[in-house]
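Each chain, written out:
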Amino acid sequence: MDSTKDTAGPASYVDIMEKNHMEIPWHDYAKADSNVLIENAGLIEKASVIGRVGLMMLSCGTGAWRVRTSMNRLSKELGVTCTVDVGLMSIEFNCFDGTDCVSQSLSIANTGVNTSKLYRMEQFVERFPEEKTHMTGEQIHKKLDTIEKIHTLYSPAKLGFAAALACCAFTFLLGGGPVEMILAFIAAGVGNVVRTKLIKHHYTLFLNIAVSISAACLVYDICFRLAEIIFHIPALHEAGYICSMLFIIPGFPFITSGIDLAKLDLRSGLERLTYSIIIILVATMFAWIMALLLKLQPQDFAVLHMNPLFHLVLRIIASFCGVFGFSIMFNSSVSMASTAAFIGAAANTLRLELVDFTGMPAAAAAFIGALTAGLLASLIKKSHGYPRISLTVPSIVIMVPGLYLYRAIYNFGIMSLYEAVSWFSAAIMIIIALPLGLIFARILTDRTFRYCT
């Protein structure tokens, strides 16, 4: 691999080190000067298009069922039969045309979420039946090159602001007041800027989580101590430090794991679930270590006394802002993020009101909230065409009980086992309820999702 240098100075270590995941020369499968349309091309060339589309869908963070559906659609249009085995970061598939067979094993170097690229890929798959009649394999790969160049739409500063907005809103919805909201806004913004920079430089997952979570907790503590000195705020406001790290919640892999398990895609479902658990464990562990070093304790928030109607309005606004922020972090366009935010404002407010005014258990209310989000997303998809998962996951990630999970780990760490088990049990029930709500929304609105075929 050639080492490169830019005009600013020598190349970074990332630029010159040898990649552990070799890049695939997709254009070698198609002849640049060939005028043969893809539907008349050889099996190897067809398989390269099918495999690349599946791999790009996988890199966007979508689940195995959607990856397989997209690959199957292209296979049918190209007159081949395709069998696919999908994991979190790899695909193994076989293509048959009645005479020959092509087997390929493909993998991505890292997993992530990119809803803008996912939207473009779904549009590509939808339009493929019409476009294949006048496109060669080389032209298709050039088109996929263009889509693959869609990285992040936003700068680290904007992504930091999105995380700050989301965690600030999250703080209010969890019961925090203005002081906790302001401190969480600052700390979460800094934490996600650090996280974004580390991702850009390809640092490993564990280092990424550890440094960004530690930075968020440290910034919260510094701001809190300064506020204590300058504004004489009471010590109980330190409880908001938990909210400053909630930008790390793995909403997409959590939800897609549940959907994959529901469709018996056990490999993908279990790998995604394992990935989510790794993030939660590493994040909560380092947050616990920082809490011990900084002498922070996860206390209950001070009770906010306000008019119920005014509280309802603030919940709607906070839910909208929180979902909008998370959606921007998933690389959604502003219009897509706004749509998800409207869904989240309705679904999350309904969930909270059910708990407060009916005494409904939190897990049951979470199920109804997720079901509502799924139904609304299905209605909007018909008119706007946005990927359903790009709307549903941001709208319910704000319901994921990150506070409960952290408190469970914290109490395990100090050997307060009764408290730990109580928090952990409550978190697990809600985590199970959220994907179940989305799954039943899909069952009610998507005929193809009701069957195992």
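Structure first, text after, so check above.
Residues numbered from 1 in each chain as written. Predicted model: local features only at pLDDT ≥ 70, side-chain atom pairs only at ≥ 80, totals over all residues. Heavy atoms only, no water.

Peer 1: Would you take a moment to explain the overall build of the chain for this structure?
Peer 2: From N to C terminus, the chain includes 16 helices and three strands. What you see for the chain is a C-alpha radius of gyration of 23 Å, in line with the 22 Å of a compact globule of 453 residues. Overall, the C-alpha framework of the chain stretches about 75 × 55 × 40 Å when taken along its three principal axes. In the chain, buried positions account for 52% of the 453 residues. Considering only contacts within the chain whose residues lie at least 6 apart along the sequence, 73% involve residues at least 24 apart. About 20800 Å² of surface is accessible on the chain, with carbon and sulfur atoms providing 64% of the total. Here the chain contributes 34 positively and 33 negatively charged side chains, and the mean placements of these two sets differ by 5 Å. (Helix = DSSP H or I, 4+ residues; strand = E, 2+ residues; numbered from the N terminus. Rg over C-alpha atoms; globule rule 2.2 N^0.38 Å. Buried < 20%, exposed > 50% of the residue type's maximum accessible area, 1.4 Å probe, protein only. Contact = heavy atoms within 4.5 Å. Areas by Shrake-Rupley, 256 points an atom, 1.4 Å probe, with all protein chains shown as cover. Lys, Arg positive; Asp, Glu negative; His and termini not counted. Charge placed at Lys NZ, Arg CZ, Asp CG, Glu CD.)

Peer 1: Before we go on, may I ask you to explain the sheet that holds strand β3 (residues 101-107) in this structure?
Peer 2: In a beta sheet, neighbouring strands are held together by backbone hydrogen bonds and run either parallel or antiparallel to one another. The sheet built from three strands is open, its strands ordered β1-β2-β3 with antiparallel pairing. Pairing within the sheet leaves two strands with one partner each, and these edge strands are β1 (81-86) and β3. In this sheet, neighbouring strand axes are inclined to one another by 15° on average, regardless of whether the strands run parallel or antiparallel. For β1 and strand β2 (residues 90-96), the ladder comprises six bridges, and the chain directions are antiparallel. Note that in β2 the partner of D85 across the bridge is E92. (Pairing = 2+ DSSP bridges. Axes fitted to C-alpha atoms, helices over the stretch in contact; angles between N-to-C directions.)

Peer 1: What is the right way to read the pattern of salt bridges from this model?
Peer 2: Side chains that differ in charge, positive against negative, can pair when their charged atoms come close. Scanning all chains against the criterion turns up 19 salt bridges. Measuring nitrogen to oxygen at the nearest pair gives 2.5 Å for the salt bridge that ties R52 to D145. Residue R52 is located in helix α2 (residues 43-59), and its partner D145 is located in helix α5 (residues 137-148); the two are separated by 93 residues in the primary sequence. The closest approach of N and O atoms between E228 and R225, which form a salt bridge, is 3.5 Å. You can see E228 and its partner R225 sitting in helix α8 (residues 205-231), three residues apart, about one turn around the helix. Residues joined in a network through salt bridges with shared partners are D85, E92, R267 and E271. (Salt bridge = Lys/Arg side-chain N within 4 Å of Asp/Glu carboxyl O.)

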